[in-house]
Structure formats: C-alpha cells, structure tokens
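Residue-level structure breakdown
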Amino acid sequence: MSTPRTSTSSRMAQFKLVLLGESAVGKSSLVHRFVKNQFDEFRESTIGAAFLTQTISLDDDTIIKFEIWDTAGQERYKSLAPMYYRNANCAVVVYDITQSESLERAKAWVKELQRQANENIIITLAGNKLDLEQNREVPTEEAEAYAKEAGLLFFETSAKTGVNVTEIFTEIAKKLPIEATSNKSKTVKGVDLTKSNIESNSTCQC
Amino acid sequence: MDGLTHRPTQNPDHSVPPLETGLNDIDISYDSGSEHDDNLDEDTSNLEVFLSQEKHFFILSTAGKPIYSLHGDDNMIMSYMGVLLTIISFFQGQSHDTDNSDQLRSFTAGNSLFVASYEDPLILVAISKRGESEQQLRNQIDVLYTQILSTLTKSQISRVFKGRTNFDLRRLLGGTEKFLTALTREICKGSPPILLSALECAKLPRTIREKITTILLSHKSPSLLYGLVVSDSRLVSVIRPRKHSLHPPDLLLLFNMIFHTTAFRDGEEHWVPICLPKFNSTGFLYAHIFQFSKNSVLVLISADKDAFFELRTVKDNILKSLRRDNLIKPIELAVNNGFSFRTIDIPVPHIRHFLYKSKLDVQFIMPNIEPHFFPTTSSRKALMGYYHKLHAMVHAKNGGKLKMVYFTKGSATFFGCDSPTFELYFATGPDTTKAILTLSVRAILAWVSKNKERLFIMGGGVF
C-alpha cells in the first residue's frame, strides 16, 4: 500500500491502535497483511511487542495514520498489556475461529479494555483464520451476537487470503473522531508512553 | 586499559548451588510413570535415534515436569527424565545434611558423561559422548539456564513454583523454545563464544569504530542504560554507564536471540522485556531492537518499561547520523557473509585456524574457517572438538602459570595454551616441532598486539 503525502488541504489524523488476543490467533499476521500486504505461513511467535505504522486515505482529503502495537499473546506478557492499551484510541481483539477458547480469551480482553482503557476506545472483535472454515469451532452468529451486545465492531478475517483485513482498519478509521482533531497540523497524540506510569512495576505480576 | 567488563574470566562455579526447598519432597512416583513402556515400544525407531544422539540437554522441574529437551518427543523424554530424576533423587536421599556438596554432580556411563546442575526449582542435565569436560558441559547448561532466566527472571520462576511444585513452566516459556533450540544448536556446533565465554567483535578500523561510538554517545537519552551496534553476532560498538559493566554471557544471550532466530529480523521495531541474568537476575530490562541493515542491529536498553518512544527518537537520531557519515556500509562490509579475516592475512605460515581470547577484554577473535583446510561440516565440527579438548587440558585443575599442550592428530597438530592474560588455541601442519610451534605463538601474539585496536573493543564508550 502506498503512503499518501499530505497536501496542504488534506486532513491528517494519527491514532494509536493496539492488537490483543491469545497467542497464535494471528495478530501479527493481520498487521503484516495490513502494513506490508504479506503473509508468512510459518511466522514465529512475537516476543514482547512490535511497533508498526501504516497510513490509509479515508477519502480524497482525509489521511489516517495508525501507530500499531502488535503485542505478544503469551501469558507471561499479560501484565505489560496496560502499557500498550493505555491511551490507545482503538483496539483490535483477535480470536481464532477454529479455537473456541480463544474467543473466551478475547472476551476477557474486551472486559479489561472496557474497564481500564480510554473510555472512548473503539474496540473491534476479529475472528481470524476464515480460510480454515472446515475447522470452524466458533459460529459467526455467536461471535456476532456477543460483539453486538458488547458494542464492538465485528469482522471475520483471513490474514492468509486478505479477506476483510483492510476493511477492519477502514471501518475503525471511519469511527475515529477526525473532525475534532483535524485542525491542528500535528493532530492527536495518542499513547504517550514516555509519561510516568503510576502503576509502574518493573517486574511481571503473573 | 579498561576491559569491556570487570567480570572474572572463569565461568561461574556451581560447586555449591543453593539447596533451598523442594528437592527432598520430590514426588518420585510422578505422573504418568506407568505408561512409558507402551509408548516407547510403539516408537522404537525413534528411540534408537534418540539414544544414538551424541549430545542431550534436559531441563526439568524438581517435581519431574519436563521443560526442555534437545531431542525426542514428550512421551520419550518423560520416561527418560523420570530415570534421571530417580538417579539424582537417590543420591539426594543419601545425604542427610542440607549441604549441597553431596549432590550428584556428574557420572559416566559407557562413553557418556552426565552432568547435572541444580537451580532450584529447576534441574538441568547435559549428556555428551563427545569427550567434553565436566566444566565445559556445566558451562553449557549454565548458558541454557540463563536463557530461561532472561525470559522469566529468577524471582518469577520462584514465585510460580511456590506452593505449586507441579507447575508446568513451559506454559510461561511459550514462544521462547526457539531461543533454547538456537543455543543448543550453537553448542552442538562447538560454538567458540560459548566455549570461551567471550564475545567476538567486528574487525573495524579504529577511526570507524570511534566515529560510531561517538554517535551513540552523542544521542544518548536519560533513560538509556546500554546502547549497542551488533552485526552478525559481532559487537561493533557499545556504550554504557561508568558504573555498570556489560557481561559477555548476557550479550551472548542477546546475540543468540537476535542472530540465531528470525524473531527480530523483520525490519520492525521491537520492544522486549528481557532479564540480563549477570546484570540482575531478578528484574527485567527493556530492549528496543531494530535491524537497520542486512546484518546489523541497533539495541537500546533501558530499565524503564515506558521508555519506548524516547528510545525510538534516539534510534532515529543515531541512524540519521550513521547514514550522514556513511558508516553503515563499513559495518556491513566488516561482516559481509560471515567474513572475519583470513589466516593468510597473518604472517604465520602453516596456521590453519586459531582462537585467541583476551582475558582482560573478555573477547576473542578467530579467522574464517578456510574451506580448503576444513571442507566439510564434520571437519569443522572436529576442529571445534579439538579446541574443546585443548581447552579442557589447559584448564584441568592443577595450577601452573603458563600451560601449553599440543598433540598431532591425523594431518594436523593442535596447540593450546592458557596464560594469565590470554588463551590461544590453533591448528597447524602435521608433526610441527616445538620450536616451530613457539615461533607460531610469538607471531600470532605479535600480530594480535599490532592489530589490537581493530580487533577488540577496548572499554567501549562510557558515560
């Protein structure tokens, strides 16, 4: 995907996005499909977190820049999650449609975000691995009903084939409060991780 | 001249590991003990392969839960670990005092040497048919142990096992098996950095290295603890606070994670909690890891988990300066395709390969392994095997200031010596006389001394 240059007349907004979900559901694969339009069948699990950016144009004169935290899903990193979702404008919580426990884990993340993240955070639930339809364990209706009830955007995606990947980010972009922020040249600053953190604990709390 | 660190050059001595709790309370009749025979019978061919391996590493909890094994599947290693644990526990039971000195440290069976290390609540075992010394195997399992610590910290391991001796540590290590596997692979290849517990530096002109270090220092920010440029597992430049050394075993772990797996090699910015056990085994540091060219990585380490964006700016500024001063190309050239330097560059005839460790700098150098001397994987492995043998001989515990050994094997003579300031091992032509060997040693030492500033990082940038 090309990176559009900002012309003087266009609006540019910058938002922080965090990906959460159990390990091996395809968080990194979704981001890589979105940012690089690539898919690696044998991608290794993320260690810690990776930081990526991607710019999309919403319409002729609106440019959205996403600053993305792709977090590792392993249990041992759980206590670090607040550092990534604190002040995030949007979150994509991912589960694997072939693993029903991964939806339960996703629900726990949604709960945590609704309780502890920015109150205006836009949360999307993404059921990944749509290409493995034959192994599906989570019916679309079940996840969709849950998403509706919890007030989430909902997509079923395949990072492998690319189905619905860009759509997630475009849909999120449409929901983001661009008007409020587009007047300033540098626009919104999302998560400021340099600010001191009250609940700062240097070691893991598992 | 200050060394890179003040770490003693000897490997940590594990002769008296702490015995805390648990070892006497082991449930020997652990889990699925009775089903083992069936499983093994089903898989005889695999078992044969498993037993024929030259080297094994096992990591288990004191309750017998498997954590890591180099070879074999779960069923196979469960029974094997059960046997190991029973043997270890038997001797444990024999000693009634709480003094650890009565623990089983090593034994031989046939041509296999077994070495066990207790790092409560973990037990690590190395088994080798390759003729390495006990101390060498102990050093190898210590490297694996520090890798586990680097993922979890000592305090977290103690915490999860507290009151749950049956805890399955693999749940917490998920995703990092690749680092252990990469380490064991390096160990099995006979990795010189692990044998010598020393770092290798990229060979660079002094002025280039100084420029890079100056750039790192000029962009340092308040939260920055360590800054490193590393190229293909070789240190290019390092900056550190005056009061904190960097320990080679910690850096070996870091280099292993970065260069022997693909986890951080995707051109993205990574923010990784990591415990550097020799720095502090109980807490995490946070590393900003960014691969900026084909072989080269910038690592910025902070004690502050919220310092990502601060270090990100530091990274941008450093890279801008490196590009402006055309320094990225020389770094890449220094390690291009694993290139180090060649034996023919050194005015010592007949030398085929050597390892030189500067004890003060805790760094070593070696030339490329020339294919016309060592054409096959097995000949390279054999060379490393002879280095291990020489290393074991000069480190055998019987004192002496300068120890030299040599022997002729097949078409080559192997030489090793350990002095208070350096270790040197080399392979040269067959039936080389003592006089020629002495000349070769002198010539290598003279060459190293002349090129010291290109070959070693003398202290690094200190702030």
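If you look chain B up in an unreviewed UniProt entry, it shows as Vacuolar fusion protein MON1 from Nadsonia fulvescens var. elongata DSM 6958. Taken from UniProt, the Sequence similarities (unreviewed entry) comment for chain B reads in full: "Belongs to the MON1/SAND family." The UniProt entry for chain B carries the following text under Function (unreviewed entry): "Required for multiple vacuole delivery pathways including the cytoplasm to vacuole transport (Cvt), autophagy, pexophagy and endocytosis."

An unreviewed UniProt entry annotates chain A as Ras-domain-containing protein of Nadsonia fulvescens var. elongata DSM 6958. A UniProt comment under Sequence similarities (unreviewed entry) is attached to chain A, and it reads "Belongs to the small GTPase superfamily. Rab family." What UniProt records for chain A under Subcellular location (unreviewed entry) is the sentence "Cell membrane".

1. Here we look at helix α14 (residues 434-450) of chain B
All names here are of chain B. Helix length check: α14, at 17 residues, gives a terminal C-alpha distance of 24 Å against a target of 24 Å (1.5 Å per residue), a fit within 8%. Among all positions of α14, only Leu437, Ser440, Val441, Ile444, Trp447 and Val448 are buried. Mapping the buried residues of α14 onto a view down its axis gives an arc of 135°, with all of them on the same face. Opposite its buried face, α14 presents the exposed residues Ala435, Leu439, Arg442, Ser449 and Lys450, each directed more than 90 degrees away.

2. Section: the packing of aromatic side chains
Evaluated as defined, the whole model comprises 29 aromatic pairs over all chains. Where Phe34 of chain A meets Phe169 of chain A, the ring centres are 3.6 Å apart and the plane angle is 5°; that geometry is what we call stacked. In this pair, Phe34 of chain A is assigned in helix α1 (residues 27-36) and Phe169 of chain A in helix α5 (residues 165-175), connecting sequence segments 135 residues apart. Comparing Phe34 of chain A with Phe169 of chain A shows no difference in burial state: the two are buried. With centroids separated by 5.0 Å and ring planes inclined at 55°, the aromatic side chains of Phe51 of chain A and Phe308 of chain B adopt a geometry described as tilted. Taken as a pair, Phe51 of chain A in strand β2 (residues 49-59) and Phe308 of chain B in helix α11 (residues 308-324) lie in two separate chains rather than in one. Note on Phe308 of chain B: relative accessible area 0%, which makes it buried. One aromatic cluster is present, formed by Phe51, Trp69 and Tyr84 of chain A together with Trp271, Tyr286, Phe308 and Phe309 of chain B through successive ring pairs. The cationic tip of Lys107 of chain A hangs over the ring face of Tyr146 of chain A; the distance from NZ or CZ to the ring centre is 5.0 Å.

3. What to know about the nonpolar core
Formed by 93 residues in total, the largest nonpolar core has its most connected members in Leu125 of chain A together with Leu228 of chain B. Apart from the residues lying within four places of it in its own chain, the contact partners of Leu125 of chain A are Val93, Tyr95, Leu103, Ala106, Ala143, Tyr146, Ala147, Leu152, Leu153, Phe154 and Phe155 of chain A. Judged by nonpolar contacts, the second largest core, of 30 residues, contains Leu30, Ile122, Leu153 and Phe155 of chain A.

4. Here we look at unusual backbone geometry
The omega torsion of the bond from Asp120 of chain B to Pro121 of chain B falls at 5°, within 30 degrees of zero and hence cis. Positionally, Pro121 of chain B belongs in the loop between β4 (112-119) and β5 (122-128). Look at Asn164 of chain A: it is not a glycine, yet its phi comes out positive at around 65°. Following the sequence through the fold, Asn164 of chain A ends up in the loop between β6 (153-156) and α5. For Asp232 of chain B, which is not glycine, the phi torsion reads 45° and is therefore positive. Take Asp232 of chain B: it is sitting in the loop between β7 (224-231) and β8 (234-240). A relative accessible area of 25% places Asp232 of chain B in the partly exposed class.

5. Notes on the sheet that holds strand β1 (residues 55-61) of chain B
All names here are of chain B. Within the open sheet, the five strands sit side by side as β2-β1-β5-β4-β3. Their pairing is antiparallel. Whereas interior strands pair on both sides, the edge strands pair on one side only; in this sheet they are β2 (66-69) and β3 (106-109). Looking at each pair of strands side by side, their axes are set apart by 15° on average, direction ignored. Its contacts with the sheet put helix α4 (residues 134-152) on β1, β2, β3, β4 and β5, and the angle it makes with β4 is roughly 40°. Contacts from helix α7 (residues 177-189) reach β1 and β2, with the element oriented near 145° to β1.

Parameters at a glance
- Residues numbered from 1 in each chain as written.
- Chains lettered and ligands numbered in written order.
- Predicted model: local features only at pLDDT ≥ 70, side-chain atom pairs only at ≥ 80, totals over all residues.
- Heavy atoms only, no water.
- UniProt positions renumbered as here; feature names shortened; annotations may be inferred.
- Helix = DSSP H or I, 4+ residues; strand = E, 2+ residues; numbered from the N terminus.
- Expected span 1.5 Å × (residues − 1).
- Buried < 20%, exposed > 50% of the residue type's maximum accessible area, 1.4 Å probe, protein only.
- Arc of directions from axis to C-beta.
- Phe/Tyr/Trp six-rings, centres within 6.5 Å; stacked < 30°, edge-to-face > 60°.
- Lys NZ or Arg CZ within 6 Å of the ring centre and 35° of its normal.
- Core = buried A, V, L, I, M, F, W, Y, C linked by side-chain atoms within 4.5 Å.
- Contact = heavy atoms within 4.5 Å.
- Pairing = 2+ DSSP bridges.
- Axes fitted to C-alpha atoms, helices over the stretch in contact; angles between N-to-C directions.

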